[in-house]
Each structure stands twice: as C-alpha cells, then as structure tokens.
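Take a look at the letters that make up each chain.
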Amino acid sequence: MMAASVGSRSLLLASQVRQAICPVQWRWLSSARAVQAFTAGSSASVPDKLQRDTDPVPGLSFYDMTSRQLTSKKVPTPKLEDLYVVGESSSTLECTKLLHTHLPIMIAHELHALQDLPFIVGSNPNIKTVHGKYLDAFHTLQQFPKLETAEDERSFIKALDGYLDSHSTVVVMLASGCHQAMQRNLVTTGVINAFMNSFLRRRIGIRLLLHHHQRVLNGHQTGAIENLNVQAQLSDYIQSVRAAAERQYKWAPRIVIDGHKDATFPFVEPHLKYIATELLKNAVRATVRQHDQSHSAPPIRVTLCKNRTELLFRVSDQGGGISPTNQSRVFNYEFSLTTNADNIDEQEESAIQVYGRAQSKGPSGRGAGLPLCRAYAEYFHGKISINTMYGYGTDVTVSLPHLSRENGSLAIR
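Everything quoted here is computed from the prediction, not taken from an experiment.

Draft legend 1. Geometry of helix α12 (residues 230-249). The first and last C-alpha atoms of α12 sit 28 Å apart over 20 residues, in line with the 28 Å expected at 1.5 Å per residue. Against β1 (225-229), β2 (255-259), β3 (264-268), α13 (269-290), β4 (300-306) and β5 (310-317) lie the buried residues of α12. Phi turns positive one or two residues past the end of α12, at lysine 250, with a value near 75°.

Draft legend 2. View of the sheet that holds β4. Spatially, β2-β4-β5-β7-β6 is the arrangement adopted by the 5 strands of the open sheet, whose pairing is mixed. At either margin of the open sheet sits one strand with a lone partner, and together these are β2 and β6 (383-389). On average, each strand axis in the sheet is tilted by 15° relative to the strand beside it, whichever way the strands run. Examined bridge by bridge, β2 and β4 share 5 bridges and lie parallel to one another. Bridging across to β4, isoleucine 255 finds its partner in isoleucine 300. Against the sheet, α12 makes contact with β2, β4 and β5, and its axis sits at roughly 165° relative to β2, the strand it touches most. Against the sheet, α13 makes contact with β2, β4, β5, β6 and β7 (393-401), and its axis sits at roughly 20° relative to β5, the strand it touches most.

Draft legend 3. Inspection of the side chain of threonine 397 at higher detail. Within the fold, threonine 397 resides in strand β7. Ignoring any residue separated from it by four or fewer positions in sequence, one finds threonine 397 in contact with Leu312, Phe313, Arg314, Lys383, Ile384 and Ser385.

The rules behind each value
- Residues numbered from 1 in each chain as written.
- Predicted model: local features only at pLDDT ≥ 70, side-chain atom pairs only at ≥ 80, totals over all residues.
- Heavy atoms only, no water.
- Helix = DSSP H or I, 4+ residues; strand = E, 2+ residues; numbered from the N terminus.
- Expected span 1.5 Å × (residues − 1).
- Contact = heavy atoms within 4.5 Å.
- Pairing = 2+ DSSP bridges.
- Axes fitted to C-alpha atoms, helices over the stretch in contact; angles between N-to-C directions.

As structure tokens, this is what we get:
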C-alpha cells in the first residue's frame, strides 16, 4: 500500500509539472529520450547536443514564446482587391503600414507551426536555421511599434530588405530538413503534409505582401498585379527550362505553344512563373527519361485558352505518364520531396527567382514541386488537375479565374 501511495503521489506530481509547463515546451521536453537515442554514439554529450539543437540563433531558441500572443489573431489573407486599392490610391507610407500591421502576425503563426513540430524534427540543422530566421525577423520587426514619419518608413524598409535577403533559401532548407526526417522515420507522412501545406501557404501570403510593397515603392500603381502577355511570359519560362535541361541532360525536347496566343491576363507574375516553370520542368524530365534521343522525342505542348471566366493553360507531354501506384500521391509533399533528386538544374527555391531576389541552389534539387504549384494556384481561387495515361503521357491543366469582386478580387482587364 505504501509503494502504491508513493507511486500515485509521483504520478500526481508529474501531472502538475506538466500542467505548469507550456504545451510546446512539454512536447519538446518529453521528446528528449528520442533525441538521446538519435544521438547515441555521438562524440558530443547529450546536454551539449541538446543545447546546440535548441539555440538556432545566439540568444534565441525554440522556447522563445514572445510571439505567442499574436497567434490568437487570424492570419491576414491578402486579397488582390485590397492590394490594388492600396497600390493605386495610397501613399507609400500607407502601403508600408499595411506590412507593419500584417507581417508580425503572419510570422508569429509561422513560428508557432515550427515550434509545434516534434522535437526530434525541429533539432534538424535545416529546420533550426529556418526557425532562427523567422524568430530573428519577428524580433526585428517588433522594434517598430509605430510608423509615423518618412524616416520611420525608411528604417522599416531597410529591415524588410534584410528579411528578403535572409529568407531566400527558406523553402529548400525546409524541404531538405523534412526529407531527412522522413528518411530516418522520425515523422509520419501526415505530419509533414499538414505542416508543409499550412506553412508554405502562409509564406505565399508573406511574400506576396512584400512583392506588392516593393513594386509600389518602385512606382507601379497596381503593385503586384500586372496585365501579362501570357505567351510572352511562357516563352521566357520555356527558354529558361530548356537551357537548364541542355546543361543537365545535354539535350532538351521542343516545347510549342498553341491555342489563344494573344491572351492577356491580370495576375501576380511570380505566381504564374512558379506554376508554369515547375510544370514545364516535370514535362521535360519525363520526356527525357522516356526518349533516349532528342530527334525522336515528341514535342511538349502548352495550350492557352482564355474565356469569360478564367485563363487556362495545359502542359501536355508524352513522357510515359504516372504509374498507378503514384497517381494518388503526386500532390503529397512527402512524395515530392523524395522523388525530385534529379530535378533539372538542382531546383532553386521554387525553381525561379523568388520575387526578383537572388537564387540559391537547393540540396539535390529537393523543392516542394506539385503541392506548392497547387498552393500558388489555389491562393487566388485557381486549381490544377492532372490527367495521365500510364505508358503514354500526362496532361496538367491550370485554371486561374479572372480577378473579379465575386472571388474577392478586382477586375482590371
């Protein structure tokens, strides 16, 4: 009875200790045994290893909870209508104030997502570095309580420039860290898909606001929205993809554009660029694998269609199609991260310059592939569909609705 009583008191005490610790800290502390097993045999002692793993930036750590109060606020979702109105009629200071209001909340939610990862995943060097970048950005932006003067605006913009430069490699680092965690069976597929999907969609919103602000400052009244000549844009993307394929494979299949070649479309160009570039690279890679010699390879076709409600473009290849076992997995991040090891030109972050910033090559070309394509398309109510004939080829169709008040945006066509 005595032993049972002592045991009960111990369980009660443990429960009280757990309740006294914030949920994030408890999840991380309760995973220490997993880290101890993971680092067994390492020359570093476990305490030293844990200290390095939980301090991605000097003075800052995964246990920093200062951003938590902002996560009670809803993540702002920029609408094209709002961006257009702010860019057209407001001063640059008002546009900068929009960023000042929204960015800390959006970054706080990204920090929350990183801190909620299992400790053993968060201890990955790439994940630690990403967390450190967001935590540093959050504390930097918090130094600006109000923007009242032109000098306040200039100081804030300087901080934003540092944010853009330091975050240009976030996607490839995040993808690499998640890939390594999956290779070691440290996390389930469901956890990775849920985390990557929500994290990267929020990141799209952050980058969109920054891109919009940058263009307004450079005198573009409509900010991020441009009336695009779709054929001209696709021709540029095709040229870049074929050049990359020539470097990697020593040849590249022809890519032809047909359909409504005179189509123009108001949209955010970096979003179109990511989607189209990724689909073109997938088609080129499949075609090269299926056809050994360039003179025998059928061309890849890009078909344009603009109607009253949307712009559509279809990328069609004869690269052998997608196997039945993989057809249900192509939009999963875990599938994308483990099958892109030979991606063309060691895929940079999203295979392109992100909003005009410097490129940085990613490890073994592991990006986020089709799932991130879908996230970009769906951000403004678009969609991506895949039709494949295993043994022959694949058609991928992207539909992007016209900007209108009905879908929360503004028509400028």
